[in-house]
Amino acid sequence: MSPTVWFLTGNTGKLAEANNHLTKLGYNVRQLIVENDQLYEPQAATLEIVAESKINQAIEHLPNEFVDGDMILVEDAGLFVSALDGFPGVYSSYVYSTIGNLGIIRLLSHLETEDPVSSANLRAAQFRAVAVMWRDGEIIVGEGICPGHIATEPMEGNGFGFDPIFIPYDLDAEFQPLEAGTYGEHSTHGKTFGAVDVEVKGKFSHRSRALKNLFSQLPSA
Ligand code: ITT
């Protein structure tokens, strides 16, 4: 039987993306649910510190069905906008629930030009994710970045959080991100993550990259 990856997250969008990525590698993914009053998310300076705090808490709450060989996964992500010196970054959750997507667009409203390439450069941003796994007492860390830019208006559909306002840069044939305005083998054709399905987002996303980086470090990978 394939091992189970217990993902400690309250975010069903993140769970669906991890599930999409990891089932292809042969893992079962299950949500590790811990009562809110038994967990806290520190307001720390880096995603790594937040993720490490979450994994230490997750280990304290192994589920009853946990068996040898199973793994615990946590992941911390955020949106880093260049023109805002990386804000909201580690404050992404709070900023999303307060000013939201329209608030971010408003903060960048002075950074629009007729030329799409310079507009994409001025409105550059990246999603970053840090995934941390605990297995057999060992901790493994994976990181992923997805560069792109902030749209001038939300494009809804699928996705969650800042997906409706984030347009990833194209990727080359090896799935490496290109510069703003460069056409690549893989493209969302100007659509935001909110306007493409989970499979397409998975080709580009910080989360897939962090998980790929993490799982490539497992001895059996
Ligand atoms: P956890 O329970 O796993 O901590 P969370 O929603 O608090 O879930 P994070 O702290 O990792 O997740 O992310 C902070 C916020 O950043 C999150 O609430 C979203 O608004 C946003 N975010 C993270 N990853 C995203 C993605 O892939 N697409 C859009 N927004 C994302």
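No experiment lies behind these values; they were computed from the predicted model shown.

Draft legend 1. Inspection of the packing of helix 1 (residues 12-23) against helix 7 (residues 206-215) at higher detail. Orientation of helix 1 relative to helix 7, taken along the N-to-C sense of each, is 50 degrees, at an axis distance of 10 Å. Judged by the inter-axis angle, helix 1 sits oblique to helix 7. Crossing of helix 1 over helix 7 shows right-handed handedness. Contacts between helix 1 and helix 7 involve Lys14, Glu17, Ala18, His21 and Leu22 from the former and Arg207, Ser208, Leu211, Lys212 and Phe215 from the latter. Per-class residue counts for the contact of helix 1 with helix 7 are four nonpolar, two polar and four charged.

Draft legend 2. A look at helix 4 (residues 100-107). Inspection of helix 4 places Gly100, Asn101, Gly103, Ile104 and Ile105 among the buried residues, and these make up the whole buried set. Against helix 3 (92-98) and strand 5 (138-150) lie the buried residues of helix 4.

Draft legend 3. Representation of the environment of aspartate 76. By the secondary structure assignment, aspartate 76 is in strand 3 (residues 71-81). Given the relative accessible area of 5%, aspartate 76 is considered buried. Sequence separation between aspartate 76 and phenylalanine 204 is 128 residues; the distance between their C-alpha atoms is 17 Å. Those residues in contact with aspartate 76 that lie beyond four places of it in its chain are Lys14, Glu41, Leu47, Val50, Ala51, Lys54, Arg128, Ala129 and Val130.

Draft legend 4. Representation of the site of the ligand. Taken together, the neighbourhood of the ligand is formed by 20 residues, with Thr9, Lys14, Lys54, Asp163 and Lys201 sitting nearest. At 3.3 Å from an oxygen atom of the ligand is found a side-chain nitrogen or oxygen belonging to glutamate 41. One of the side-chain nitrogen or oxygen atoms of histidine 206 is found 3.0 Å away from an oxygen atom of the ligand. Burial of the ligand by the surrounding chains reaches 90%, relative to a free accessible area of 600 Å². Among the elements of the structure, strand 3, helix 3 and helix 7 are those that each provide at least two residues to the shell around the ligand. Residues of the shell around the ligand, tallied by class, amount to five nonpolar, seven polar and eight charged.

Draft legend 5. Summary view of unusual backbone geometry. In this chain, phenylalanine 87 is followed by proline 88 through a cis amide linkage whose omega measures 0 degrees. If you trace the backbone, proline 88 turns up in the loop between strand 3 and helix 3. A positive phi angle is found at phenylalanine 175, which is not glycine, with a value near 65 degrees. Relative to the elements of secondary structure, phenylalanine 175 occurs in the loop between strand 6 (166-168) and helix 6 (198-204). With a phi angle near 55 degrees, histidine 189 is a residue other than glycine that sits in the positive phi range. Its location among the elements puts histidine 189 in the loop between strand 6 and helix 6.

Draft legend 6. Highlighting the pairing of strand 3. Within strand 3, ten of the eleven residues are buried, leaving the element largely enclosed by the surrounding structure. Where strand 1 (residues 4-8) lies against strand 3, three bridges are found, and the strand directions are parallel. Bridging across to strand 3, phenylalanine 7 finds its partner in leucine 73.

Here is what the cut-offs are and how they apply
Residues numbered from 1 in each chain as written. Predicted model: local features only at pLDDT ≥ 70, side-chain atom pairs only at ≥ 80, totals over all residues. Heavy atoms only, no water. Axes fitted to C-alpha atoms, helices over the stretch in contact; angles between N-to-C directions. Helix = DSSP H or I, 4+ residues; strand = E, 2+ residues; numbered from the N terminus. Parallel < 35°, antiparallel > 145°, perpendicular 65-115°, else oblique. Left-handed = near helix turned anticlockwise from the far one by under 90°. Contact = heavy atoms within 4.5 Å. Nonpolar A, V, L, I, M, F, W, Y, C, P; charged D, E, K, R; others polar. Buried < 20%, exposed > 50% of the residue type's maximum accessible area, 1.4 Å probe, protein only. Near = heavy atom within 4 Å. Polar contact = N/O pair within 3.5 Å; in protein donor to acceptor, adjacent residues only side chain to side chain. Areas by Shrake-Rupley, 256 points an atom, 1.4 Å probe, with all protein chains shown as cover. Pairing = 2+ DSSP bridges.

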